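Next come the chains, spelled out residue by residue.
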Amino acid sequence: MQALALDLRRKNTQIGFVPTMGFLHKGHLRLMARARQLVGNNGVVVASVFVNPTQFGPAEDYSTYPRDLARDARLCREAGVDIMFVPTAAQMYPKQGRKEFSTFVVEEKLSRSMEGLSRPTHFRGVTTVVAKLFNLVLPTVAVFGAKDWQQAMIVRRMVADLNFPVRIVVAPTVREPDGLAMSSRNQYLSQDERRQATILWRAICRAKEIVRSASKPVSAHLLKQELAMLISTQPAAQVDYIEFFQSDTLDPLEEVEPGAHIAMAVRIGRTRLIDNAKL
Ligand code: PAF
């Protein structure tokens, strides 16, 4: 992959990159379309499919994470992806001998809150694999989904801090008609859980309503209580966190006004879903 990318870069070809963990859905396809738009028809769009073991905790769903490479390949082709990069875990993280893997990339500030609190080694795995993928694919531009907002901000920070010569573009979350954010993990939901899962988007809409109709800033504490109560109307739902913060810095807010960012993680049965939006 790197030899191919070096060759393209020598010819001044723009490389647009969409890193994924596969089991592609419309959200991913939108990222690929954005990558194409950014590099144009003379550019090359690369999509990687790699279920990255280092970003899963020991009790998480690495082994059961949905995989369907044949379907992913078809969707990539249909989306106009030029190169699908599918490394193996053993290639990315050799375990033995001279090549044994032992270097990690750690972002130390933005990674501490929200997903980082609930999943302590998650972002270390994300920044490490994204750094490796950037060095292999050598993209001029990489497209990330806004659904993983914290991830996108951390990757942006890593790219700035470590001077990766790549532009990071964040593309909007794609939603089902009922508001549920598209995610490969949605397929874990039973029919009944799928219905209940719309509570994340409904809670975000409620927060928007409250904040936009208030004549002064709203206490984050009270707003969290109100949203937690709304979410608890769904029997399968269990709030992991609800946070209000400044979009780029992820600095937590005690008072919430329009323009503030909300993010939440909610378990629906055994499936942990996340969502976020600017209010
Ligand atoms: O967002 C994802 O799918 C993953 O976290 C990523 C960026 C592909 C890294 O494994």
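Residues numbered from 1 in each chain as written. Predicted model: local features only at pLDDT ≥ 70, side-chain atom pairs only at ≥ 80, totals over all residues. Heavy atoms only, no water.

S.K.: I would appreciate a short explanation of the overall build of the protein in the present structure.
M.R.: Scanning the protein from terminus to terminus reveals 10 helices and 10 strands. Whereas a compact globule of 279 residues would reach a radius of gyration of roughly 19 Å, the protein reaches 19 Å, a difference of no more than 12%. For the protein, the spread of C-alpha atoms along the three principal axes comes to 55 × 40 × 35 Å. Here the protein displays about 14,100 Å² of accessible surface, and carbon together with sulfur accounts for 51% of that area. For the protein, the centre of its 37 positive side-chain charges and the centre of its 27 negative side-chain charges are spaced 6 Å apart. (Helix = DSSP H or I, 4+ residues; strand = E, 2+ residues; numbered from the N terminus. Rg over C-alpha atoms; globule rule 2.2 N^0.38 Å. Areas by Shrake-Rupley, 256 points an atom, 1.4 Å probe, with all protein chains shown as cover. Lys, Arg positive; Asp, Glu negative; His and termini not counted. Charge placed at Lys NZ, Arg CZ, Asp CG, Glu CD.)

S.K.: Quick question: what am I supposed to make of empty space enclosed by the protein here?
M.R.: By the definition in use, this model includes 1 cavity of 30 Å³ or more. The computed volume of the largest cavity comes to approximately 40 Å³. For the lining of the largest cavity, the leading source of residues is strand E10 (residues 271-278), giving 3 residues. (1 Å grid on protein atoms, 1.4 Å probe; cavity = no way out; pocket = protein on both sides within 12 Å on 5 of 7 lines; lining within 4 Å. Points joined across faces, edges and corners; volume = space filled by probe spheres on them.)

S.K.: Help me out: how do you make sense of the sheet that holds strand E9 (residues 261-268) in this one?
M.R.: One open sheet accounts for 3 strands, arranged E7-E9-E10; its pairing is antiparallel. With one partner strand each, in any of the chains shown, strand E7 (237-245) and E10 form the two edges of the open sheet. Going from strand to strand, the sheet's axes swing by 15° on average, the running direction of each strand aside. Pairing of E9 with E10, which is carried by 8 bridges, proceeds in the antiparallel orientation. Bridge pairing in E10 places Ile268 opposite Thr271. Contacting E7 and E9, helix H10 (residues 220-231) runs over the sheet at an angle of about 155° to E7. (Pairing = 2+ DSSP bridges. Axes fitted to C-alpha atoms, helices over the stretch in contact; angles between N-to-C directions. Contact = heavy atoms within 4.5 Å.)

S.K.: Help me understand unusual backbone geometry, please; the structure alone is not making it clear to me.
M.R.: A negative phi angle characterises most non-glycine residues, just as the trans form characterises most peptide bonds. Backbone geometry at Met114 places phi at a positive 45°, although glycine is not the residue there. Relative to the assigned elements, Met114 resides in the loop between helix H4 (89-92) and helix H5 (115-118). Non-glycine residue Asn163 carries a positive phi angle of around 55°. Relative to the helices and strands, Asn163 is located in the loop between helix H7 (149-161) and strand E5 (167-171).

S.K.: Where do I start with the site of the ligand in this structure?
M.R.: Neighbouring the ligand are the residues Pro19, Thr20, Met21, Asn52, Gln55, Val129, Phe144, Asp148 and Gln151. Take Gln55: an N or O atom from its side chain is 2.6 Å from an oxygen atom of the ligand. Between Gln151 and the ligand, the recorded distance is 2.7 Å, taken from a side-chain N or O atom to an oxygen atom. Coverage of the ligand by the protein amounts to 88% of the 290 Å² it exposes when considered alone. (Near = heavy atom within 4 Å. Polar contact = N/O pair within 3.5 Å; in protein donor to acceptor, adjacent residues only side chain to side chain.)

S.K.: What should I look at first to understand the pattern of salt bridges in this one?
M.R.: Think of it this way: side chains of opposite charge can pair up when their charged atoms draw near. Summed over all chains, the structure comprises 16 salt bridges. Ionic pairing is found between Arg119 and Glu115, a salt bridge with its closest N-O pair at 3.9 Å. Here Arg272 makes a salt bridge to Glu115, at a shortest N to O gap of 2.9 Å. Here Arg272 is found in strand E10, whereas its partner Glu115 is found in helix H5, with 157 residues between them in sequence. Relative accessible area serves as the criterion here: at 16%, Arg272 is assigned to the buried category. (Salt bridge = Lys/Arg side-chain N within 4 Å of Asp/Glu carboxyl O. Buried < 20%, exposed > 50% of the residue type's maximum accessible area, 1.4 Å probe, protein only.)

S.K.: I'm lost on the nonpolar core in this one. Help?
M.R.: In a soluble, globular protein the nonpolar side chains are often hidden away together inside. Val46, Val130, Phe134, Phe144, Val159 and Ile168 are the most contacted members of the largest nonpolar core, which has 40 residues in total. Considering each element in turn, this core owes the most residues, 8 residues, to helix H6 (residues 122-137). (Core = buried A, V, L, I, M, F, W, Y, C linked by side-chain atoms within 4.5 Å.)

S.K.: Would you take a moment to explain the packing of H6 against H7 for this structure?
M.R.: Each packed pair of helices is defined by two parameters, the angle between the axes and the distance between the axes. With their axes 10 Å apart at the nearest point, H6 and H7 run at an angle of 55° to one another. With respect to each other, H6 and H7 are oriented oblique. Seen from above, H6 lies across H7 with right-handed handedness. Where H6 abuts H7, its residues Phe123, Val126, Thr127, Val130, Ala131 and Phe134 lie against Gln150, Gln151, Ile154, Val155, Met158 and Val159. (Parallel < 35°, antiparallel > 145°, perpendicular 65-115°, else oblique. Left-handed = near helix turned anticlockwise from the far one by under 90°.)

S.K.: Please explain the packing of aromatic side chains as it appears in this structure.
M.R.: The description of an aromatic ring pair rests on the distance of the ring centres and on the angle between the ring planes. In the structure shown here, the tally under the stated rule is 8 aromatic pairs. When the ring of Phe56 is compared with that of Tyr65, the centres are 5.8 Å apart and the planes differ by 75°; the resulting orientation is edge-to-face. Comparing Phe56 with Tyr65, the two get one shared label, buried. Ring centres of Phe101 and Phe104 lie 5.3 Å apart, and the angle between their planes is 85°; this geometry places the pair in the edge-to-face category. Directly above the aromatic system of Tyr62 lies the positively charged group of Arg67, at a separation of 5.1 Å from the ring centroid. We note Lys132 situated over the ring of Tyr93; from NZ or CZ to the ring centre the distance is 5.8 Å. (Phe/Tyr/Trp six-rings, centres within 6.5 Å; stacked < 30°, edge-to-face > 60°. Lys NZ or Arg CZ within 6 Å of the ring centre and 35° of its normal.)

Read these as geometric descriptors, not functional statements.
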